[in-house]
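Next come the chains, spelled out residue by residue.
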Amino acid sequence: MNKLVLIIAPLLLLGTETIGQVVRRTLEECEPQYTTFEKDGRYGVKKTETGEIVSRAEYTAIDLCVAFDAKFGIAKKNGKWAVIEKNGKPTSRFRYEQIQPIPEDFDQTYLMASSESGKWTLIGSTGQAVSKRQYDEIIRPDRALFEVRREDLWGVIDTAGTEVIPLKYDKVSFLAYSAYAVEKNGKQGVVFIGDGNDIPIAYETISGVKSGLCAYKDGQCYLFNSRGEALGIDDLEEVRYYGNIFYDDEILVKKHGKYGLIRINEGWIVPALYDSIHNYLDYHIVTLDSLYGIYRKDGDLIFPPKYNHFRRSNQDFIVKQEDKMGVIGGSGNEILPVIYDQVLRLVNRRTHGLDYTYGVLLDSVWRLVYPNGQIVDSLRFDHLQQFDNKIILATKGDKKYLGEFDGKRFKFYYNFPLNDFGSVTMSNGTYLFKKDGKLGVINIQRSDGDLPGSIIRQPEFDDIYYADGNQYLITVKNGKLGLMNRQAQDILHCNYGEVDSFGLEGVSTNHYLIIRNDQEELKVSYYGQISRIDKKRE
């Protein structure tokens, strides 16, 4: 246990200084209302704004801000130190050799003062001694208690100066719950201040863990609750923090080479049977022989380790066993047997994922599944895909259909077959489609009323394709050529006969286009700038 004794010579302290974990500030930082002044080698206090003297220059050293946000200061007069108010008025007699903040004291309501003997006494913010007992060292790791040392022995006193743990130990160390680890002759135990069952000094180390204590002896860990009562769970090889140390109550333990989970006040949550355990949302993921299983947070088993892959699907789990997939419900019930080649989660686009079901692939055929697990045999497709906006694209033969799952049933729009759907991808979910031999443009991330997908350009073109090395599309209608951008907006209407692409040799992008008819010849840059070419000059 590392203890820190701080002895700093008295001096005028006007700069920031760190003492242990307590930061001393300048006067101006913590009390801008007052400032010090010097006269004939002595120091006093005056009001910052008016200059009015509130304490005459009578101190040989002064520190009006012993610790951050402290409500008192210290001053030296005639070779002795005393506690003063922020305005420089003394609150006690000048009798101490030194006055210092207590290391690790974040409340900053107590100080330690030394006498001619060099021993430290605990004093309050008014400078009055809390106790007449003197110590070689004082630290404050707990709000209500102080660890103290006299010669080589340590103990604990409270804010009234009462020795609540006698000074008879080689080391003392604050744990938690008013519990202190104490050490004697290389062995540790626990002493409780107030309620609690002291733990005998018989262990190699003792530490706090979640809501309890862990004591090690002969390579084994023994668990105790916050009152010092043994849990009766022995032979633990490892004890580790688990999950979020602030919110999760479980402790990861290892017994006979396998891992399990324990809650101090409940006992075993997950038995020590597994190769590893990981925290995942509201679940415990366990592995055994490279297979996954899942427990709920309360310790209920959803399914044992028998799947080589899984992913969460809202309240369900899509699982994979060898090469087959299925769905297991959040209570462990089987929604879809593990017999499918693929499983696709399909979501209702109107409820933002609150309603969902699945598409399954078996023997190269995609089928749809109602929420109750019933297979919809009347709907079979060669390919199934759901986009980010939850619209479903289904392929059957050479035709493609848009549809959706509305939370109860599937809707596909057979009166709107989309031949060659997706043959050219434009931007932001915009695709080409063909109807009655003509090409149009549709955006599947928008919707026109109940119909999934929004038609941007009606099917009127004979062909649409990208120009070489350019980001624009060439449109063809009735034998005439035009240009369209990736948002399906016309750059040039279909009034031209030829389009040529030009660029640097060996460079496949940033080409410009020359598009012409009998009346004009235009140059179109990669970025859409159009300029007319003077044929006479050419």
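Residues numbered from 1 in each chain as written. Predicted model: local features only at pLDDT ≥ 70, side-chain atom pairs only at ≥ 80, totals over all residues. Heavy atoms only, no water.

Undergrad: Explanation requested: unusual backbone geometry in the structure shown.
TA: Backbone geometry follows two general trends: most residues other than glycine have a negative phi, and most peptide bonds adopt the trans configuration. Of note in this structure, N314 is not a glycine but carries a positive phi near 55°. Following the sequence through the fold, N314 ends up in the loop between β31 (309-313) and β32 (316-321). For S364, which is not glycine, the phi dihedral falls at a positive 65°. Its place among the elements puts S364 in the loop between β36 (356-362) and β37 (365-369). (Helix = DSSP H or I, 4+ residues; strand = E, 2+ residues; numbered from the N terminus.)

Undergrad: In this structure, what is going on with the sheet that holds strand β6 (residues 61-63)? I would like to understand it.
TA: Two pairing modes exist for strands in a sheet, parallel and antiparallel, and in both the strands are linked by backbone hydrogen bonds. If you trace the three strands from one edge of the open sheet to the other, you get β6-β7-β8, paired in antiparallel fashion. Strands at the two margins of the open sheet, each flanked by one partner only, are β6 and β8 (80-84). Going from strand to strand, the sheet's axes swing by 20° on average, the running direction of each strand aside. (Pairing = 2+ DSSP bridges. Axes fitted to C-alpha atoms, helices over the stretch in contact; angles between N-to-C directions.)

Undergrad: Where do I start with the state of the cysteines in this structure?
TA: Linking two cysteines covalently via their sulfur atoms produces the bond known as a disulfide. Summed over the entire model, instances satisfying the criterion amount to one disulfide. A sulfur-sulfur distance of 2.1 Å marks the disulfide that ties C214 to C221. In terms of burial, C214 and C221 fall into one category: buried. (Disulfide = S-S within 2.5 Å. Buried < 20%, exposed > 50% of the residue type's maximum accessible area, 1.4 Å probe, protein only.)

Undergrad: Can you help me understand the side chain of T357 in this one?
TA: Looking at the secondary structure, you find T357 in strand β36. Excluding residues within four positions of it along the chain, T357 makes contact with L344, R345, L346, V369, Y370, P371, F405 and F410. (Contact = heavy atoms within 4.5 Å.)

Undergrad: I tried to follow the nonpolar core on my own but got confused; where do I start?
TA: General note: in soluble globular proteins, nonpolar side chains tend to be found buried as a group. Ranked by internal contacts, the top residues of the largest apolar core, which has 14 residues, are L368, L379, F381, L384, F410 and F412. Listed by contribution, the elements that provide at least two residues to this core are β37, β38 (375-381), β40 (392-396), β41 (399-405) and β42 (410-412). No other element matches β38, which puts three residues into this core. If sequence neighbours within four positions are ignored, L384 has contacts with L344, L346, G359, W366, L368, I392, L393 and A394. (Core = buried A, V, L, I, M, F, W, Y, C linked by side-chain atoms within 4.5 Å.)

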